[in-house]
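# Topology and contacts: notes
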Amino acid sequence: MEIEHDIQDVANSWDREYERQRYVGEAPVPFVDDVLQAADVEGLRGAAGLYVGCGNGRNLVPLVEGGLDLIGLDVSPA
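Residues numbered from 1 in each chain as written. Predicted model: local features only at pLDDT ≥ 70, side-chain atom pairs only at ≥ 80, totals over all residues. Heavy atoms only, no water.

### Describing the overall build of the protein chain
What the protein chain contains, in helices and strands, is three helices and two strands. What you see in the protein chain, going N to C, is helices and strands ordered as α-α-β-α-β. The C-alpha atoms of the protein chain give a radius of gyration of 15 Å, which is well past the 12 Å a tight globule of 78 residues would have. C-alpha atoms of the protein chain, sized along the principal axes, occupy 45 × 30 × 15 Å. Expressed as a percentage of the 78 residues in the protein chain, the buried residues total 19%. Considering only contacts in the protein chain between residues 6 or more positions apart, those separated by 24 or more positions represent 49%. (Helix = DSSP H or I, 4+ residues; strand = E, 2+ residues; numbered from the N terminus. Rg over C-alpha atoms; globule rule 2.2 N^0.38 Å. Buried < 20%, exposed > 50% of the residue type's maximum accessible area, 1.4 Å probe, protein only. Contact = heavy atoms within 4.5 Å.)

In structure tokens, the structure reads:
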């Protein structure tokens, strides 16, 4: 199926990026703090959620460490 082939191409592309150390050593984006502040305002710390496109986890990890109960999902197994 064409869609499955396209998804595999995308996954392979991101695998190569991660093999080249893309985002390694980079800080989380400032938006992470905004998400955590919004979670406080809305009372969502501890609420379960899904982070689609979590990549190497540079943003996912601080969100989880900040009290969000997230599952990370990414097209790249790397």
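Next comes the rest of the write-up.
### Things to note about helix α2 (residues 31–42)
Between its terminal C-alpha atoms α2 stretches 16 Å, which fits the 16 Å expected from 12 residues at 1.5 Å a residue. For α2, the full list of buried residues reads V32, L36 and A39. Down the axis of α2, the smallest arc covering the buried residues is 55 degrees, so these residues share one side. Turned more than 90 degrees from where α2 packs its buried face, F31, Q37, V41 and E42 sit exposed. Each element contacted by the buried residues of α2 is listed here: α3 (60–65). One or two residues past the end of α2 sits G43, with phi positive at roughly 70 degrees. (Expected span 1.5 Å × (residues − 1). Arc of directions from axis to C-beta.)

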